[in-house]
Amino acid sequence: IFIDNQIVSKKWLQDSFQASIRFEAGGAYGFSWWQMPLANGQSFWEAWGIGGQHIMLFPDYQLLVVFTGGNYEVTRPQEPYFILENYILPALSKV
C-alpha cells in the first residue's frame, strides 16, 4: 500500500509465496522468493539482491528481517546467515 493505494493485489502477493519449484535438498522457489529450510523443521521466505541485500520473512514468528549492505566485492557473502543463525534465531527461542 502506497498513499492508500494497493500497488500489488492481495492474490498476487499470496501467489508469490506458493512454491513453483521444489528442491530435493529442501526449500522451494516462487515469484523471486526462495523458501529456505531451517534446522528446526520450519522455513522462511527470502528475496536477495546484489551486495548483500536480503529480505527474510518468518511467518511462524511474525518476523521480518532486512539486511542492507554494500558487499559488492563478495568477500563476506555468508555474513547475513551467520548473524541470523548465531544471534537472531537464538534470541527468538528465548521469547
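Note that the structure is predicted; figures quoted are calculated from it, not measured.

Asker: What should I look at first to understand the confidence of the model for the protein chain in this one?
Answerer: For any part of a model where pLDDT is low, the fine detail of the predicted coordinates should not be relied upon. The share of residues in the protein chain with pLDDT of 70 or more is 92%, and the mean pLDDT across the chain is 81. Confidence scores differ between elements of the protein chain, with strand E2 (residues 28-30) showing the lowest mean pLDDT of 76 and strand E6 (residues 63-67) the highest of 92.

Asker: Can you help me understand the pattern of salt bridges in this one?
Answerer: Enumeration according to the criterion identifies 1 salt bridge in this entry. Here Asp15 makes a salt bridge to Lys11, at a shortest N to O gap of 2.6 Å. Of this pair, Asp15 and Lys11 both sit in helix H1 (residues 10-16), 4 residues apart, roughly one helical turn. On the basis of relative accessibility, which here comes to 55%, the residue Lys11 falls in the exposed class.

What counts as what
Residues numbered from 1 in each chain as written. Predicted model: local features only at pLDDT ≥ 70, side-chain atom pairs only at ≥ 80, totals over all residues. Heavy atoms only, no water. pLDDT = per-residue confidence, 0-100. Helix = DSSP H or I, 4+ residues; strand = E, 2+ residues; numbered from the N terminus. Salt bridge = Lys/Arg side-chain N within 4 Å of Asp/Glu carboxyl O. Buried < 20%, exposed > 50% of the residue type's maximum accessible area, 1.4 Å probe, protein only.

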